[in-house]
Amino acid sequence: MRRYGSFLEWAVLIVALPACSSAVEPTESAFDDADSSVESALKVGRDEEQEEEGQVDALSLDCSQLLSSLEYPNTVFTSVTSVAEGEFPQPGQTIPAHCLVTGKMFERVSPVDGNTYSIGFEIRLPLTWKKRRFFYQANGGLDGAVAPAIGATSGGGPLKSALQKGFAVISSDAGHDAAQNPFFGIDPQARLDFGYQAVGKLTPMAKKVVRLAYGKKPKWSYIGGCSNGGRHAMVAAARYANEYDGYLVGSPGFNLPNAAIASIYGAQQYVQLWQGETIPAGPFAGLPDLSVAFTQAERQLLSLRVLERCDALDGVSDGMVQDTQGCQAVFDLDTDVPTCPGARDGTCLSALQKVIVGNIFSGAKTSTQTPIYSSFPFDSGHAAGDTAFWEFISPLILDPGAVALVFGTPPADPALFNPVGFALGSPIDLMYASTFATTPTYIEPSQSFMVPPELDRFHRHGRRMLIYHGVSDPIFSAEDTVKWLEELDPADRAAARLYLVPGMSHCAGGPSTDQFDLLKPLIRWVERKEAPERVIASARGPANPGGPNFDLPPAWSPDRTRPLCPYPRVATYHGGNIERASSFHCE
């Protein structure tokens, strides 16, 4: 069987996919959207100014002098360079002048596969350090690349990062490079570094670098990311609650082994409608074209039928489903979507399609109906631009390598491994069982090192967590995150808040108001004990400085705003301009 592209190629691809992005600071128009008086808006403005102009520290050494002063066990600092203000390009924002520190930790030769591994990192130290804040930027995909440590935070269209806010920021590759994806899973220590130990090793080192650079240790420490980065943050909350004060969690893959198996389960469902078609051109040419099982027109049909049934549940028909839970209670795939009387033409779904789509949305199960992963909510964004990749490409080239080589025990033989053959020909039951297995070499199963344990220390340490999740996320289900939150101990649940983003796809995009900033309310919650309520989110039209959202419906105002409400509250229309958040209350 043909091997469809090198693993290096798709490893680089997944690292390049959006893991998380930062968002715009509230503008004067955002203040107009607030359900408050002019005086209240002015107070918010003063608070923001104080946050930006509070305690400021400067580097105690010039960048050129810093390298010789850095030392830490098991660490090699390879370079320190000076980056001028604006020299690092970032859409919609000017990155301040800073020192860029690069290095690696725990370099070693694996006794299992003979390859060399290390934990690569970079730390960016602003010349003007504000409020002694530190941010760990957790990256997405299977890691394997040191993404620029600017502190990307939340929402689509990055406009203001943690670095721009004056944080010192670290980023890492989590213990392997892109060329080693997913084969690093052969090495048991590389598995553990990716799972949780890289964060545990990097954090004290980075804080020591900060203390050497500024003469003071961080006062406030935050960690955040989206997708696998959200998983890193959740795992850190459970394992390293004494290291961080605030956790910013986006679209978290905290059940990553199960979600990857669920993705493959979806491919095995779709292949029932596949007649041998292959993708004709582009980077995935030659792969089975599973999109023929559920076309773009059919996915758009599903989204439109969901809107017809659920759009008005929040009090207005505006192309958004704010009442997610209410929608799941009333929408029925069988009765609300037409069944094709004959050939498929994009205006209906066949009876077999309804069975397949229903199986996928109800959640992957073993042959004995044991649930593997959560159900997925019906929403308005199932035809978003990235959905086809996550539904039809990822389960053939990304998820098989992760399941077979990183999450499964024992790992597959790399010399014989074929991702498409594994995805379409391996029993789901065996995949699932392998994530619980151990051997004398692989002593910790992926269900342990990939999934965060209980947050038994989180609340006791006074930590706080803000979570956001797109309701139309096609790879990590928002319902899985809701279930996790609802099952927390009540004390721990009080320390975490979840914001569902209607229509948003994986981390960004979809027909949604996906541009928002959760770092600011997290800072206020952690440092001022001011619990956040609603957060204003904006659409990204063509002129948006952070870049346009190409999934935005043309009928929407390009700067539409909506409140994101803490779960289980719902943004409900109370009259006024439907393009403005001020017309909606969280109820």
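Residues numbered from 1 in each chain as written. Predicted model: local features only at pLDDT ≥ 70, side-chain atom pairs only at ≥ 80, totals over all residues. Heavy atoms only, no water.

A. The arrangement of the overall build of the protein in detail. The number of helices and strands found in the protein is 19 helices and 15 strands. Taken over C-alpha atoms, the radius of gyration comes to 23 Å for the protein, in line with the 25 Å a tight globule of 587 residues would show. Oriented by its inertia axes, the alpha-carbon framework of the protein measures out at about 75 × 65 × 45 Å. Burial status across the protein gives 61% buried among its 587 residues. Total accessible area on the protein is roughly 21300 Å²; 55% of this is exposed by carbon and sulfur atoms. (Helix = DSSP H or I, 4+ residues; strand = E, 2+ residues; numbered from the N terminus. Rg over C-alpha atoms; globule rule 2.2 N^0.38 Å. Buried < 20%, exposed > 50% of the residue type's maximum accessible area, 1.4 Å probe, protein only. Areas by Shrake-Rupley, 256 points an atom, 1.4 Å probe, with all protein chains shown as cover.)

B. Inspection of the side chain of Glu 479 at higher detail. In this fold, Glu 479 is placed in helix 17 (residues 478-486). Buried within the structure, Glu 479 lacks any salt-bridge partner; Lys 365 is the closest side chain of opposite charge, at an N-O distance of 10 Å. Among the polar contacts listed, one links the side chain of Glu 479 to the side chain of Ser 375, at a separation of 2.3 Å. (Lys, Arg positive; Asp, Glu negative; His and termini not counted. Salt bridge = Lys/Arg side-chain N within 4 Å of Asp/Glu carboxyl O. Polar contact = N/O pair within 3.5 Å; in protein donor to acceptor, adjacent residues only side chain to side chain.)

C. Looking closely at the sheet that holds strand 8 (residues 220-226). Taken in spatial order, the nine strands make up an open sheet running 2-3-4-7-6-8-9-10-11, and their pairing is mixed. Strand pairing shows two members of the sheet lacking a second neighbour, strand 2 (75-83) and strand 11 (496-501), which therefore form its edges. For this sheet, the mean inter-axis angle between neighbouring strands, taken without regard to orientation, is 15°. Here strand 4 (residues 116-126) pairs with strand 7 (residues 168-172) via four bridges, running antiparallel. Directly across from Ile 123, in strand 7, lies its bridge partner Ile 170. The strands touched by helix 5 (residues 188-214) within the sheet are strand 2, strand 3 (98-109), strand 4, strand 6 (133-137), strand 7 and strand 8, with strand 4 carrying the most contacts at an inclination of about 35°. Seen against the sheet, helix 6 (residues 228-239) touches strand 8, strand 9 (246-250) and strand 10 (464-470) and runs at an angle of roughly 140° to strand 8. (Pairing = 2+ DSSP bridges. Axes fitted to C-alpha atoms, helices over the stretch in contact; angles between N-to-C directions. Contact = heavy atoms within 4.5 Å.)

D. Region of interest: the nonpolar core. In this structure, Leu 125 and Tyr 247 are the most contacted members of the largest nonpolar core, which totals 126 residues. A per-element tally of this core places helix 5 first, with 13 residues. Beyond its immediate stretch of four places on either side in the chain, Leu 125 contacts Leu 59, Leu 66, His 98, Cys 99, Val 101, Ala 168, Val 209, Val 210, Ala 213 and Tyr 214. By size, the runner-up hydrophobic cluster in this structure holds 31 residues, among which are Ala 149, Leu 163, Tyr 499 and Leu 519. (Core = buried A, V, L, I, M, F, W, Y, C linked by side-chain atoms within 4.5 Å.)

E. Representation of the pairing of strand 6 in the model. Among the five residues that make up strand 6, five are buried, leaving the element largely enclosed by the rest of the structure. Both faces of strand 6 are covered, namely the face carrying Arg 133, Phe 135 and Gln 137 and the face carrying Phe 134 and Tyr 136. Inspection of the sheet shows strand 6 paired to strand 8 by five bridges, in the parallel sense. If you follow Phe 134 over to strand 8, its bridge partner there is Ser 221.

F. Molecular detail of helix 17. For helix 17, a buried count of seven out of nine residues is recorded, marking the element as mostly surrounded by other parts of the structure. Among the residues of helix 17, those classed as buried are Ala 478, Glu 479, Asp 480, Thr 481, Val 482, Trp 484 and Leu 485. By the N-cap criterion, in which a side-chain oxygen at the helix start approaches the backbone nitrogen of a residue two or three places on, helix 17 is capped by Ser 477, the distance to Glu 479 being 3.1 Å.

G. Expanded view of the pairing of strand 13 (residues 561-564). The two faces of strand 13 match: Thr 561 and Pro 563 on one face and Arg 562 and Leu 564 on the other face are all buried. Direction of pairing for strand 12 (residues 535-538) relative to strand 13: antiparallel, over a ladder of four bridges. Within the sheet, the bridge partner assigned to Ser 538 lies in strand 13 and is Thr 561.

H. Seen up close, the side chain of His 176. Turning to its location among the elements, His 176 is positioned in the loop between strand 7 and helix 5. Residue classification places His 176 among the buried positions, given a relative accessible area of 1%. Looking at His 176, its side chain comes within polar contact range of the main-chain oxygen of Leu 142, at 2.8 Å. There is a polar contact of 2.8 Å between the side chain of His 176 and the side chain of Asn 181. Dropping the residues within four chain positions of it, His 176 is found in contact with Tyr 117, Ser 118, Leu 142, Asp 143, Gly 144, Ala 145, Asn 181, Phe 184 and Phe 194.

I. Structural detail: the packing of aromatic side chains. Scanning all chains against the criterion turns up 20 aromatic pairs. Seen from their ring centres, Tyr 432 and Phe 436 are 5.1 Å apart, and the 90° between their planes marks the pair as edge-to-face. Residue class for Phe 436 comes out partly exposed when judged on its relative accessible area of 47%. Among the aromatic side chains, those forming a connected cluster through ring pairs are Phe 134, Tyr 136, Tyr 244 and Tyr 247. Sitting above the plane of the Phe 106 ring, Lys 201 keeps its charged end 4.8 Å from the centroid. In this structure, Arg 497 packs its charged tip against the face of Trp 525, placed 5.6 Å from the ring centre. (Phe/Tyr/Trp six-rings, centres within 6.5 Å; stacked < 30°, edge-to-face > 60°. Lys NZ or Arg CZ within 6 Å of the ring centre and 35° of its normal.)

J. A look at the pattern of salt bridges. Evaluation of the coordinates by the stated rule reveals 20 salt bridges. Here Glu 527 and Arg 133 are joined by a salt bridge, their closest N and O atoms 2.9 Å apart. Of the two residues, Glu 527 sits in helix 19 (residues 519-528) while Arg 133 sits in strand 6, which places them 394 residues apart along the sequence. Residue Arg 133 is classed as buried on the basis of its relative accessible area, which comes to 3%. One salt bridge connects Glu 243 with Lys 207, and the closest N-O pair in it is separated by 3.0 Å.

K. How the structure looks around the environment of Asp 473. Within the secondary structure, Asp 473 sits in the loop between strand 10 and helix 17. For Asp 473 and Trp 390, which are 83 residues apart along the polypeptide, the C-alpha to C-alpha distance reads 9.3 Å. Among all residues touching Asp 473, those that are not within four sequence positions of it are Ser 251, Phe 376, Met 504, Ser 505, His 506 and Cys 507. A distance of 2.9 Å separates the side chain of Asp 473 from the backbone nitrogen of Ile 475, its partner in a polar contact.

L. Expanded view of the packing of helix 5 against helix 6. Running from N to C, helix 5 and helix 6 point in directions that differ by 60°, and their axes come no closer than 10 Å. When the axis of helix 5 is compared with that of helix 6, the two are oblique. In the crossing of helix 5 with helix 6, the sense of the turn from one axis to the other is right-handed. Contacts from Phe 194, Gly 195, Tyr 196 and Val 199 of helix 5 reach helix 6 at Asn 228, Arg 231, His 232, Val 235, Ala 236 and Arg 239. (Parallel < 35°, antiparallel > 145°, perpendicular 65-115°, else oblique. Left-handed = near helix turned anticlockwise from the far one by under 90°.)

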